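Chain by chain, the residues:
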Amino acid sequence: MSNRMWGGRFGASPDDIMEEINASIGFDQRLFAQDIRGSRAHCDMLAAQGIISGEDAASIDAGLAQIEAEIEAGAFSFSRALEDIHLNIEARLTDIIGPAAGRLHTARSRNDQVATDFRLFLRDSLEHLGAQTTALMRVLAEHAETHAALIMPGFTHLQPAQPVTYGHHLLAYVEMLSRDRSRFADARARLNQCPLGAAALAGTPFPIDRHATADALGFDAPTANSIDSVSARDFALEALSAMAICATHLSRLAEEIVIFASPDFGFLELPDAFSTGSSIMPQKRNPDAAELVRAKSGRIIGALTGLFVVMKGLPLAYSKDMQEDKEGVFNALDSVSLCLAAMTGMMEKLTPVPERMRAAAGKGFSTATDLADWLVRKADVPFRDAHHITGALVALAEQQACDLADLDLDTMQNVDARITDDVYSVLSVENSVASRTSFGGTAPDNVRAAAQSWCAALADDKS
Ligand code: ARG
């Protein structure tokens, strides 16, 4: 039998392999609620415009409500022969209400229908990701306030650079995540236009009211150009790109957890609930959750790359290639959502080990910049010369296998006579962090204030 929805001009049914490659019902059934919502809005509009009768509209509406309940109850049998969610629902509607079902597809096409469903789905999903991001930010900001003065090494090139505080380090991620959250919101705002009624690509001769359907579905407006309406997938690319950036941030945090929880660093203690043991080495505690968050960024970035490749060569308007947009987006959404949840759980229970952090912060001549800055401020030495003098002192300390603060004043003055006893006041890691009071700097007072203001802002945030 040829396809009962579009097979009028076909004499034979599709080859089994054709059916397999053509079908999207395996994954687009996830759009069922959006599809039904869109159809009900379309049906109401058709009736209001006098395009279908009130009686037909009422039975279509009731039939769609029944189908939604059937799908929710797991009592709907999806058919691969019916290709996709749109045709599965329409065929079932025909079973339930008879020929009136055939009137629902007046003045629309699956091309505008799928674009509408997908936008509706992404809209809700982006809101959900935004709320999850807020939850993670909250945990990080609370820990940052608690640990505003906890000193740890700051790194560049993963070499000890200058001491910072753990709170400051955590707030760096809060800043990144706040931008992720606003990218999710931006993507949501930009996609919130309704393609429904663009029909196949050219619009329709029926006197439809696209503003009414856009309104009923909570869109800001109908999309303005019917060709663009069915061709555009930049809304999905934009959402994926926001997800890929967020996943990259989560991956960097995960990588730091892996490094900092390793015994050689020992800065962090992994919570039991988010680590695993080894089946052969009883002493092991492995950061599997962090590793998987790090790894899952791969599939999210992959979904973005995949959709770019699908889209980049497509002529306007709709091509079936675009059916390949959904699996990557669904997978990326699920993965980012899982990573945000795992990271939130992990961060809630992750405990710093202050002695290890403090001890490591003093290593590697991490206050050398403070010494150079002292020469500039107290002895009026130009910074480049101060850098050079400090380098010589670091070399001496290295030779003597001691810290900068352990060099005696004579030794220092032999290198530069302008150095006085006062220099020792800047060589401690406590002094180093406390002195960095510039806006956005790591001084504990700054960090405490920044953490408190984040906590207050996030407590008010109901998203
Ligand atoms: N299943 C299709 C998709 O996901 C729906 C649109 C099909 N349109 C068409 N003219 N075949 O893109």
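Since the model is a prediction, treat every value here as computed from it, not as a measurement.

(A) Structural detail: the overall build of the protein chain. Within the protein chain one finds 18 helices and six strands. Here the protein chain has a C-alpha radius of gyration of 31 Å; the compact-globule value for 463 residues is 23 Å, and the former is much larger. Within the protein chain, the proportion of its 463 residues that are buried is 49%. The contacts in the protein chain between residues at least 6 apart in sequence include a share of 76% that link residues at least 24 apart. Of the roughly 21300 Å² that the protein chain leaves accessible, carbon and sulfur atoms contribute 53%. Looking at the protein chain, you have 40 positive and 62 negative side-chain charges, and the mean spots of the two groups are 2 Å apart.

(B) Representation of the packing of aromatic side chains in the model. Under the counting rule described, the total for this entry stands at nine aromatic pairs. Pairing Phe-260 with Phe-265 gives two aromatic rings, centres 5.8 Å apart and planes at 50°, and the pair type is tilted. Residue Phe-260 is classed as buried on the basis of its relative accessible area, which comes to 6%. By relative accessible area, Phe-265 is classed as partly exposed at 23%. Consider the rings of Phe-260 and Phe-267, whose centres lie 5.2 Å apart with planes at 35°: the pair is tilted. The same class applies to Phe-260 as to Phe-267, namely buried. In this structure, Arg-9 packs its charged tip against the face of Phe-10, placed 5.9 Å from the ring centre. Directly above the aromatic system of Phe-330 lies the positively charged group of Arg-30, at a separation of 4.8 Å from the ring centroid.

(C) Structural view of the pattern of salt bridges. Tallied over the full model, the rule gives 23 salt bridges. For the salt bridge of Arg-188 with Glu-127, the shortest nitrogen-to-oxygen distance reads 2.6 Å. One end of the pair, Arg-188, is in helix H7 (residues 166–191); the other, Glu-127, is in helix H6 (residues 110–146), with 61 residues separating them in the sequence. The exposure class assigned to Glu-127 is partly exposed, which follows from its relative accessible area of 40%. Three or more residues joined by partner-sharing salt bridges are found here, namely Glu-83, Asp-84, Arg-110 and Lys-320.

(D) Just helix H5 (residues 85–97), in detail. In this model, H5 (13 residues) spans 18 Å end to end at C-alpha, consistent with the 18 Å of a helix rising 1.5 Å per residue. All of the buried residues in H5 are Ile-85, His-86, Leu-87, Asn-88, Ile-89, Glu-90, Ala-91 and Leu-93. The secondary structure elements touched by the buried residues of H5 are helix H2 (25–28), helix H3 (32–48), helix H4 (54–72) and H6. Where H5 begins, the capping side chain belongs to Asp-84, and its oxygen is found 3.2 Å from the backbone nitrogen of His-86. With its phi angle positive at about 85°, Gly-98 sits one or two positions after the end of H5.

(E) Layout of the packing of H7 against helix H18 (residues 444–460). At a minimum axis distance of 10 Å, the contact between H7 and H18 shows a crossing angle of 35°. As for how H7 packs across H18, the hand of that crossing is left-handed. Of the residues in H18, those in contact with Gly-167, His-168, Leu-171, Val-174, Glu-175, Ser-178 and Arg-181 of H7 are Val-447, Ala-450, Ala-451, Trp-454 and Leu-458. Taken together, the residues that form the contact of H7 with H18 break down as seven nonpolar, three polar and two charged.

(F) Looking closely at the site of the ligand. The environment of the ligand is formed by Ser-24, Asp-28, Asp-84, His-86, Arg-110, Asn-111, Val-114, Tyr-318, Lys-320, Gln-323 and Lys-326. Between the ligand and Gln-323 there is a distance of 2.7 Å, counted from a nitrogen atom to a side-chain nitrogen or oxygen. Look at the ligand: alone it shows 340 Å² of surface, and the protein chains cover 87% of it. A per-element tally of the shell around the ligand places H6 first, with three residues.

(G) Representation of unusual backbone geometry. Backbone torsion omega between Leu-316 and Ala-317 reads 0°, so that peptide bond is classified as cis. Inspection of the secondary structure puts Ala-317 in the loop between helix H11 (288–311) and helix H12 (325–349). Although it is not a glycine, Ala-107 adopts a positive phi angle of roughly 65°. As for its placement among the helices and strands, Ala-107 is situated in the loop between H5 and H6.

(H) Expanded view of the environment of Thr-411. Looking at the element boundaries, Thr-411 is found in helix H16 (residues 409–415). Between the C-alpha atoms of Thr-411 and Leu-393, which are 18 residues apart in sequence, the distance is 8.6 Å. The residues contacting Thr-411, other than those within four sequence positions of it, are Leu-396 and Gln-400.

(I) A nonpolar patch on the surface, seen in detail. A surface patch of nonpolar side chains, amounting to about 280 Å² of accessible area, comprises Leu-201, Ile-227 and Leu-316. Structurally, the position occupied by Leu-201 is in the loop between strand E3 (193–194) and helix H8 (210–216).

(J) Inspection of the environment of Met-18 at higher detail. With respect to the helices and strands, Met-18 occurs in helix H1 (residues 16–22). Along the chain, Met-18 and Thr-442 lie 424 residues apart, while their C-alpha atoms are 62 Å from each other.

(K) Seen up close, the state of the cysteines. Tallied over the full model, the rule gives zero disulfides. Of the cysteine sulfurs around Cys-43, a residue in no disulfide, the closest is that of Cys-194, at 15 Å. Residue classification places Cys-43 among the buried positions, given a relative accessible area of 0%. Using a relative accessible area of 0% as the deciding quantity, one classes Cys-194 as buried.

Cut-offs applied
- Residues numbered from 1 in each chain as written.
- Predicted model: local features only at pLDDT ≥ 70, side-chain atom pairs only at ≥ 80, totals over all residues.
- Heavy atoms only, no water.
- Helix = DSSP H or I, 4+ residues; strand = E, 2+ residues; numbered from the N terminus.
- Rg over C-alpha atoms; globule rule 2.2 N^0.38 Å.
- Buried < 20%, exposed > 50% of the residue type's maximum accessible area, 1.4 Å probe, protein only.
- Contact = heavy atoms within 4.5 Å.
- Areas by Shrake-Rupley, 256 points an atom, 1.4 Å probe, with all protein chains shown as cover.
- Lys, Arg positive; Asp, Glu negative; His and termini not counted.
- Charge placed at Lys NZ, Arg CZ, Asp CG, Glu CD.
- Phe/Tyr/Trp six-rings, centres within 6.5 Å; stacked < 30°, edge-to-face > 60°.
- Lys NZ or Arg CZ within 6 Å of the ring centre and 35° of its normal.
- Salt bridge = Lys/Arg side-chain N within 4 Å of Asp/Glu carboxyl O.
- Expected span 1.5 Å × (residues − 1).
- Polar contact = N/O pair within 3.5 Å; in protein donor to acceptor, adjacent residues only side chain to side chain.
- Axes fitted to C-alpha atoms, helices over the stretch in contact; angles between N-to-C directions.
- Left-handed = near helix turned anticlockwise from the far one by under 90°.
- Nonpolar A, V, L, I, M, F, W, Y, C, P; charged D, E, K, R; others polar.
- Near = heavy atom within 4 Å.
- Patch = residues over 30% accessible without salt bridge, like charges linked within 9 Å, V, L, I, M, F, W, Y side chains within 5 Å.
- Disulfide = S-S within 2.5 Å.

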